[in-house]
Amino acid sequence: MVVGVLALQGSFNEHIAALKRLGVKGVEIRKPDQLQNVSSLIIPGGESTTMARLAEYHNLFPALREFVKMGKPVWGTCAGLIFLANKAVGQKLGGQELVGGLDCTVHRNFFGSQIQSFEAELSVPALASQEGGPETFRGVFIRAPAVLDVGPDVDVLADYPVPSNKVLYSSSTVEIQEENAMPEKKVIVAVRQGNLLGTAFHPELTADTRWYIIF
Ligand SMILES: NC(=O)CC[C@H](N)C(=O)O
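The chain is annotated in an unreviewed UniProt entry as glutaminase from Citrus sinensis. Under the heading Catalytic activity (unreviewed entry), UniProt records this for the chain: "L-glutamine + H2O = L-glutamate + NH4(+)".

This is the structure we're talking about:
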């Protein structure tokens, strides 16, 4: 099996290394024609505006959309999740092109800036029931997006509790200073719709390979 990894920017080397640990060959995709040589694709994390500009420069968007439309498996991690979403909010001025296909709205920097990056144990019941192993997964969130809402065909595979005093403004999460702790609100961080998989965190940076197996 050969898995394509979009290699314009971001953590494509890490994905290829993770695939190699599983005995799967990952090939770098930089040009539209190269998509014809692979039956599935990973869109890595990185910086989605930059990645979108490079994808536009290489005329990749039509081929990526076609790949998704054909029902081939595509997994977007972090910036890749933003790429796959039908709608993204909190974009840079002028917006950015998306591949789309995944019926959801994503907030591009939901958890704040780079220094607000974090790791957390996520409850992953769907992953554990399908692949076995622990009920939790170590999520590495790097200036991570989150899914704000999903359409009827989208399954939520993981969510993360954030205090509800984190209020969404147009481009980032802003904390309101309150004396009392607020109740938690669950924010969606992993979704699946048919052959499309999206994770807001970076599974290529952890040793647990279950997201690769599910993909
Ligand atoms: N680690 C990541 O992929 C971060 C994505 C980033 N929030 C973006 O807008 O692209």
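Back to the write-up after that little detour.
Within the structure shown, the criterion is met by seven salt bridges. With a shortest N-O distance of 3.7 Å, E47 and R143 are connected by a salt bridge. Separated by 96 residues along the polypeptide, E47 in the loop between β3 (41–43) and α2 (48–57) and R143 in the loop between β8 (136–141) and β9 (146–150) bring together distant segments of the chain. Taking the relative accessible area as the measure of exposure, R143 reaches 25% and is therefore partly exposed. The partner of R138 in a salt bridge is E119, and the shortest N-O contact between them spans 3.0 Å.

This paragraph deals with the site of the ligand. Near the ligand, the surroundings consist of G45, G46, E47, S48, C78, A79, I82, R108, N109, I142, R143 and H202. Taking G46, its main chain carries an N or O atom lying 2.8 Å from an oxygen atom of the ligand. One of the backbone nitrogen or oxygen atoms of A79 is found 2.9 Å away from an oxygen atom of the ligand. In terms of residue class, the shell around the ligand is built from four nonpolar, five polar and three charged.

Reading the values: rules and limits
- Residues numbered from 1 in each chain as written.
- Predicted model: local features only at pLDDT ≥ 70, side-chain atom pairs only at ≥ 80, totals over all residues.
- Heavy atoms only, no water.
- UniProt positions renumbered as here; feature names shortened; annotations may be inferred.
- Salt bridge = Lys/Arg side-chain N within 4 Å of Asp/Glu carboxyl O.
- Helix = DSSP H or I, 4+ residues; strand = E, 2+ residues; numbered from the N terminus.
- Buried < 20%, exposed > 50% of the residue type's maximum accessible area, 1.4 Å probe, protein only.
- Near = heavy atom within 4 Å.
- Polar contact = N/O pair within 3.5 Å; in protein donor to acceptor, adjacent residues only side chain to side chain.
- Nonpolar A, V, L, I, M, F, W, Y, C, P; charged D, E, K, R; others polar.

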